[in-house]
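Structural description and commentary
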Amino acid sequence: MAQEVTQVLLNAQSADGVVRKVAEESLKQFQEQNPAGFLISLSHELANNEKPPDSRKLAGLILKNSLDAKETGRKQELVSRWISLDPTVKAQIKGALSQTLSSVVPDARHTSAQVIAKIAAIELPQGEWPELVGSLLANMGGLQVQQPAHLKQATLETLGYVCEEVSAESLAQEQVNSILTAVVQGMNASETSNDVRLAATNALYNALDFAQTNFENDMERDYIMRVVCEATLSPDSRVRQAAFECLVSIGSTYYEKLAPYMQDIFAITSKAVKEDEEPVALQAVEFWSSICDEEIEIQEEYSGDSEVPYFQFIKKALPALVPMLLETLTKQDEEQDQEEGAWNLAMAGGTCLGLVARAVGDDIVPLVMPYVQENVSKPDWRCREAATYAFGSILEGPSLEKLAPLVNVALNFMLSAMKDENNHVKDTTAWTLGRIFEFLHGPNVQFPIITQENLPMILKVLLESINDTPNVAEKVCGAIYFLAQGYEDNSGGPSPLLPFFQNIVQVLLATTDREDAGDSRLRTSAYETLNEVVRISTQDTAAMVMQLVPVIMQKLNHTLEMAVLSSDDREKQSELQALLCGVLQVIIQKLGASDTTKLGIVQYGDQMMSLFLRVFACRSATVHEEAMLAIGALAYSTGPEFGKYMPEFYRYLEMGLQNFEEYQVCAVTVGVVGDICRALDDKVLPFCDGIMTQLLKDLSSNQLHRSVKPPIFSCFGDIALAIGEHFEKYLIYAMPMLQGAAELTAQQAIRDEEMIDYNNQLRSGILEAYSGIFQGFKTNKAELMVPYAGHILQFIENVYQDKERDDSVTKAAIGVMGDLADTLGPSAAPLFNQAVFYKDFVDECTSSDDQQLKETAEWALSTINRITNTG
Amino acid sequence: MAGQAGVPPRVHKRSISDQQRRREIALERQKQSRRDLQQHARQLASGFSPPSSPSQWDDAAHDDDCSHSSPGSKRKGILEGTKLKGGKAREFYSQQLMLPEWMVDIPINLKKDWCIMARPAGQRCLVIAANGSTISRQRNGRILHCFPSALPNGARTRDVAAASHVYCILDCIFHAPDKTYYVVDMMCWRGYSLYDCSAEFRFFWMTTKLAETGALNPPTAHHRYRFSVVPVFECNAASLEAVYTGSVAFVRDGLLFVNRHAHYQMGLTPLVLLWKDAECSLYLFDTDSQGNVPAHQQVVLELCSDGTVVTSDQPPTVLGSLPSDFLQQNAQYLKPGDLLRFAIGDQGISIVDGKPVVADIHFQGLASKNRAGGADSCTKILFQYAARHSPLTITDLLVAIEASDDDGDTSMAC
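Note that the coordinates shown come from a computational prediction; the quantities given were computed from them, not determined experimentally. In this convention, every chain numbers its residues from 1, walking through the sequence in written order. All chains are assigned letters beginning with A, and all ligands numbers beginning with 1, in the order in which they are written. Selection of residues for local features in this predicted model requires a pLDDT of at least 70, selection of side-chain atom pairs for listing and counting requires 80 or more, and totals for whole chains, interfaces and linings are taken over all residues. Each side-chain value is worked out from all heavy atoms of the structure, with water and hydrogens disregarded.

1. A short note on the packing of aromatic side chains
The line we're drawing: In summary, the pairing rule links any two rings of Phe, Tyr or Trp, Trp by its six-membered ring, whose centres are within 6.5 Å, and it sorts them by plane angle into stacked for under 30 degrees, edge-to-face for over 60 and tilted for everything else. Runs of H or I in DSSP of at least four residues are treated as helices and runs of E of at least two as strands, each being numbered from the N terminus. Summary of the burial criterion: residues with accessible area below 20% of their type's maximum are buried, those above 50% are exposed, and those between are partly exposed, where the area comes from a 1.4 Å probe applied to protein chains only. Here, a charge over a ring means that NZ of Lys or CZ of Arg falls within 6 Å of the ring centre while also lying within 35 degrees of the ring normal.
Scanning the model with the defined rule gives 38 aromatic pairs over all chains in all. Ring geometry for phenylalanine 174 of chain B and tyrosine 225 of chain B: centres 5.5 Å apart, planes at 85°, overall edge-to-face. Highlighted residues: phenylalanine 174 of chain B in strand E6 (residues 167–175) and tyrosine 225 of chain B in the loop between helix H5 (199–212) and strand E9 (226–229), separated in sequence by 51 residues. For phenylalanine 174 of chain B, a relative accessible area of 6% gives the class buried. Put simply, the rings of Phe616, Phe642, Tyr645, Phe649 and Tyr652 of chain A touch in pairs and so form one group of aromatic residues. Here the basic side chain of arginine 706 of chain A rests over the ring of tyrosine 758 of chain A, its NZ or CZ set 4.3 Å away from the ring centre.

Rendered as C-alpha cells:
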C-alpha cells in the first residue's frame, strides 16, 4: 500500500498526461473511499526519509490543500472536515509532521512547517493542540541539549508560519514570550548558522504583531531592537535584507517607540543605502518611506486628535536624509522605463523623496533645488534625469507660494527638455509636467502657472511629444489628463481648451491606433485621457463629443470581430472592450446630463445597446463592469424608453447580480438596478420578482463581499419607490433583512475606523430603503408599515445616539422620520409623543450649515407637527 | 512572510487610473438621482408644493436678471416637475392651473375691476416650452402633446433654442377643430416670472410678447400647432356684446371674467369667473355619455373615509353621506378618494351664506377617476342649479355693468 502511494504520487507529477491522469484519478478514489487513511498515508509519506523527495513534497502539498483553500466556503468545509476527524488520526498525522521537521531533506521540512501552521490555524483558536508551542521550543535545544541546525531552522520557520496564520488572541502571553525568546536567540550574532539566523529573522517579522506587550517593556524592546540592528550587519545579505524588513515593519507598527533608536537606525540605513547590495539598500530606503507614511498620516489626522504623538523624525533627519536620497537618483537602470514592474534604488529613492516632501512641506525645497539646478543641464543623462526626477518628486507637499515661482521659471525649461536626446529624460520630464498640472493648476490656484499666453505653447509641445516612444507618450497622456482636469470646475466663460479641443481629441484617437500602443499602457492612458477631456467639455464642444459616439461604437464593433484564438487574444479583446465601454459611459453621462444634448444620446441608444449586449456575450468580468456602468448611464439618459431593452438585457443584469467573486461587478449592477428603477418607474414591475429574488440571495450570502450589502438596501428603496404599492409582496422578505441589519449595526462593539465607516454605510442603505418603502406605500398601502413603525423609530433613535454617525446617515435618518410621519399620518402620533428624542434630533439638523439637511429637517418637523396636532 | 511576500514596490511615477474614478462618478450620479427623487416625493407629499410657489419663481427670475447667479437656485419651480415621472408628474401638474369659479352672483365694480374674454371650447392645458421642446398637459396632468413650437426655447431650431433658464409657461385652451392653442394667460416668459403680476399686466405681456415671436404663425415642421391670443377686453356694454355674440375663430364655451388685479394663483379662485348660457355655450348643462341632458342635475363628489361626500373646494363642503351599511356592502368598489356621481332630487339644495349646506342627492354610480379637475366645486353646482331654476342672464350682466360706477379706470392697454 505505502509503496503504491509513492508510485501514484510520482506518477501524478509525470510528464506523460495519460499517466498523470490515471494517478490523479486513483488519488481521488483513495481520498473518497478512506479520507482518514488517505491523510495518514500522506503524512507518513512526507515523514519517511526513505522516500523520494518528489513524492514527499507532493504528499505534503496535498495535505496542505486538504486543510485550507482560498475560497471561503470551501475553506469552511475543509476546516470542519478536519475537526470531525478521529482524534487518534489527527494525533498520528501531527506526530508524523513534527517528526519531519528534523528531516535532512530541506523540501520535506519546509512543507511540513507549512502544514503544521495550517493545522495550528484551525486548532489553536479552539484551544486544541496546546502542546504545539512547547514541543517546537524543545526543538531549539538549550544549555544542556544541542540540537542540529537544520531542526532549529525548520522549527523557527514553523514558528514564523504559525505566527502568520493565527491571530494574536489565540496565543497566551507566556507562549508569545517564549516564541520571541527563541526567535531572538536564533537571530543573535552568536548563532553560527546563517540559515538559522535567516529563519529566525523571518520568524520575527511574522511575530512582531504579537509583541505589543514586549515592546511596552523598555528592557525587552531594547534587546529586540539591538538584535535586529545587529542582524542588519550580518555577513549574509539574506539576513541583512530580512533584518531591514523587520525594521520597516517595526517602523510602522511601533512608530511611537522608535525615538531612542533613530540615530542608530539612520546610521545603519545610510550605510546600507550607500554600500550594500541593491535588495538590502531598497529595504533601507523603504524604512524611511514607511516612516514618512506614518508621519503624513499623523499630520492628516492631527486636526482630529490623533492618539499617536508626532515625533517629526523626518524633519529632524532632513539635512542628512535628503542628500542620502539624492545620491540614489543617479543609480538608474538603462531599461527602467521600458520594463513593467521595474524597481531599483533610483526609483525607491525618488519615491521616498516625494514622501519626504509630503511629510515636511516647504522645508525640503531649499535642500533639493540646488541639486536640481546643478544637474539639470549636465551632459550625463543620468544627472539630467535625476535632477528632473528630484524636481518632479517635490511638487506635492510644499505650499503653492513656495513652488509657484520655481515652477514658473522651470516650465519653459521642461517644455524644451521634451526634446532631450535621452528617452529617460523625456519620460521623467513628461511625468514632471503632469505633476505640475496636477498640483499647480486648477481653479483654486492663486497664481496660475498656465495662462492664456503659454497654453498654446504647452499644448503644442504635448501634442508633438505624444508621438514619442510609448513610455514617453504615456506620460504625455498623463500630463494632458491633469491639464484637462484643472479646467474641471471652470465656472462660467468658455473653456480655455476650446480652441484646441478638436485637435486634442484627434491626437488622442490617433494615439490609441498606434501599432505600439500596447506598450507601456499607452492605449489605456490615451483612452482614459480622452475620458477626462470629454468630462471637461462644455456646451460649445458638445457637437464634437457627439461625433465621438459613432467613432467609438465602430471601434467597439471592431473588437467583436477580432479573431480570438488564444487566451492572450481574449485578454486583449477584453481590455479594449473595457476601455471603449468606459469612453462610451463617460460620453453618455456627460451628454445625457444636459437636456439639450440628451436627445442625441437617445438617438444612438439602440445601436449602443446592441453593442453592449454583444460585448456581454463575450463574457469577461472587467468588460462586464464597464458595459454595465455604460448601460446605467444610458438608462439615466433615455428614461422610460429604456423599457424596450429590458427583455434582452435582463439576463445580463441577473448575471451581474449573481457575480459573487468579482464583487465590484455585483456592486455596479446593483447601482444599475437603481438607474433602471428611476428610468422605468412602475414599468420595471415585471422584472422585480427576479431582481428581488437575486438581491435577497445576495444579502444572505456570506460569500459576497460585505461592501455590496449597503447598496443593496438602498436598491430596495429604489424599487419600492418605483413600483409603489406593488412592493407589498416583497415586504415580508425585505423587512426582516432590514430589521436584522439595523439591529446588527446597533450591536457593533468593535469601533475601529473601518467598522465605523461600514456601519454608517449600512445605516444609510437601510434608511434609504425605509424612505423608498414609505414613499412608495404612501398613497395606497400606508397601513402595511404600521407594524414596523415602532422598530424603525427605535432604530432612528439609535442612529441619533451614535457619536460616529456621519452626515449622509443624519440626512437619511431625518428624512425617514418625516416619511414615516407623512405616510402613517395621525396613527403615528402616539409614537412620536413617546419618542421625545426627535425634537433634539430636528434641532441638531436645523442648526446645521447644510441647507439641504436643514430643509429636510424643517419638512420633517412640520410633518410631525401636523400629525401630532391633529391626533 | 518576509523575504518572500516582502513589501510590494511602491507606485513609481504613478500614471493615471481612470477606472475607479468612473465608478465613483457613476455612483455619485446614482446617489444624486436618488436624493432628488426622494426630495420630490417629500415636497409633493407635504401638500404645500414649494416648487410651485410663485415667490420662488421670482427668485429664479431675479437670479437671471441680476446675473449673480448661484447654480443651485436656478430653474426652480414648475421645471422641477420635469424631473418627475408618471403619476408623480401628473399629480404635480394637475395642481398648476388657476381654476375659475362659476359666476353665482355678479361681483361689484364689474366695470372697474374686471376684464372679459370669450372662452374657447376645448381642453384646458398648461403649455411649457423649455429645453428645446414644448409640452402641453391637461388639467389632470396628463400630457396632451409634446411638440416643437416657435415659442422661445420651444424647439431645437437655431432661431428658437436657448439656454436652459429660458422657458415659457402659458395657460391655454387647445381647440381641436382648428388645431390651435388659444392662449388665455401667461405665467412665465423667457424665464421671467409673471405669477406675481396683475392679470392686466399679464394680458398686456401675453399680447405683445407672443406677437414678437413666430408662435402666432401658421404651423410648419418646427412649429406644429398655431398659437392664438384670445382678445381680452375691459368690461363694458360694447365689449360684453362683442365677446357674447361677436364673431370669433373658435367655438365659444361661455365667457371668462378676470379681476384685473388678480395674481396668477393655483387652484380655484373667485377672482376669475366663468359664466355661460345656452346662447354662448353648447355645454351649458352637463350631459350624460350619450350627450343628453339628464332630467335631474348631476353632480360629482368625492367620497371621504367617513362616508361623507364632498366638493372639490378647499376646504371641501359636505353635501351628504352614504349610509354605512351601503358602504360596507360595496367596500370593494367604493374607496375613499373615489369620485361618485349623484343626481339632485326634488328637494334641491339648501343654501346658507352662499354655500350649499344640504342637498337632496341620490347616488348614481362611479365617475371616472381621471376626470379633469376631480369633484365639482360648490360654485359649479350652484351655477348649474341656478341655470335650471333661476339663471343669471346676459341681461343681468348688462344691467350690472350699466349700473356700476362710470368713473372706473378704463385705460386698459389692450
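2. Some thoughts on the nonpolar core
As a reminder of what qualifies: Here the nonpolar core consists of buried residues drawn from Ala, Val, Leu, Ile, Met, Phe, Trp, Tyr and Cys, with membership extended through side-chain atoms lying within 4.5 Å. Contacts: residue pairs with any heavy atoms within 4.5 Å of one another.
Judged by nonpolar contacts, the single largest core of 305 residues is most densely connected at Phe649, Phe716, Ile719, Phe727 and Met817 of chain A. In terms of residue count, the dominant contributor to this core is helix H16 (residues 278–301) of chain A (11 residues). Once residues within four sequence positions are removed from consideration, phenylalanine 727 of chain A is found in contact with Met692, Phe716, Ile719, Ala720, Ala734, Ile773 and Phe777 of chain A. Counting 74 residues, the second largest nonpolar core, distinct from the first, contains Trp114, Met117, Ala199 and Leu240 of chain B.

3. A closer look at the packing of helix H29 (residues 595–618) of chain A against helix H31 (residues 646–658) of chain A
Residues and elements named next belong to chain A. As a reminder, the rule being used: Under this scheme, a helix contributes an axis fitted over its contacting stretch, all axes are lines through C-alpha atoms, and angles between N-to-C directions fall in the 0 to 180 degree range. Each crossing gets its handedness from the near helix: less than a right angle anticlockwise from the far helix is left-handed, clockwise is right-handed. Ten residues, namely Ala, Val, Leu, Ile, Met, Phe, Trp, Tyr, Cys and Pro, are considered nonpolar, four, namely Asp, Glu, Lys and Arg, are considered charged, and the remaining ones, Gly among them, are considered polar.
Packing of H29 against H31 brings their axes to within 11 Å, and their N-to-C directions diverge by 35°. Judged by the twist between their axes, the crossing of H29 over H31 is left-handed. Across the interface between the two elements, Met609, Leu613, Phe616 and Ala617 from H29 touch Glu648, Phe649 and Tyr652 from H31. In terms of residue class, the contact of H29 with H31 is built from 6 nonpolar, no polar and 1 charged.

4. Structural notes on helix H32 (residues 663–680) of chain A
All names here are of chain A. Spelled out, the test is: Expected helix span is given by 1.5 Å per residue-to-residue step, counting one fewer step than there are residues.
Spanning 18 residues, H32 covers 25 Å between terminal C-alpha atoms, matching the ideal 26 Å at 1.5 Å per step. Here H32 lies mainly inside the structure; 15 of its 18 residues are buried. Downstream of H32 by one or two residues, aspartate 681 has phi in the positive range, about 55°.

5. Here's the deal with the interface of chain B and chain A
What counts here: Joining two parts hides part of their accessible area as seen by a 1.4 Å probe, and the buried area is that hidden amount summed over both. Salt-bridge detection follows one rule: a side-chain nitrogen of Lys or Arg within 4 Å of a carboxyl oxygen of Asp or Glu. Here a polar contact is taken to be a pair of N or O atoms separated by no more than 3.5 Å, where protein atoms must pair a possible hydrogen donor with a possible acceptor and residues adjacent in sequence count only if both atoms sit in side chains.
Taken together, the contact between chain B and chain A spans 39 residues of the former and 77 residues of the latter. Roughly 5200 Å² of surface becomes buried between chain B and chain A when both sides are summed, with 48% attributable to carbon and sulfur atoms. Seen at the junction of chain B and chain A, the total is 8 salt bridges. As a salt-bridge pair, glutamate 768 of chain A and arginine 34 of chain B come within 3.3 Å of each other at their nearest N and O atoms. Our enumeration of links across chain B and chain A arrives at 15 residue pairs in polar contact (both at pLDDT 80 or more). Looking at the side of chain B that touches chain A, the elements with two or more residues in it are helix H1 (19–45) and helix H3 (86–93) of chain B. When residues in the side of chain B that touches chain A are grouped by element, the largest group, 17 residues, is from H1 of chain B. Grouping the constituent residues of the side of chain B that touches chain A by class yields 11 nonpolar, 13 polar and 15 charged.

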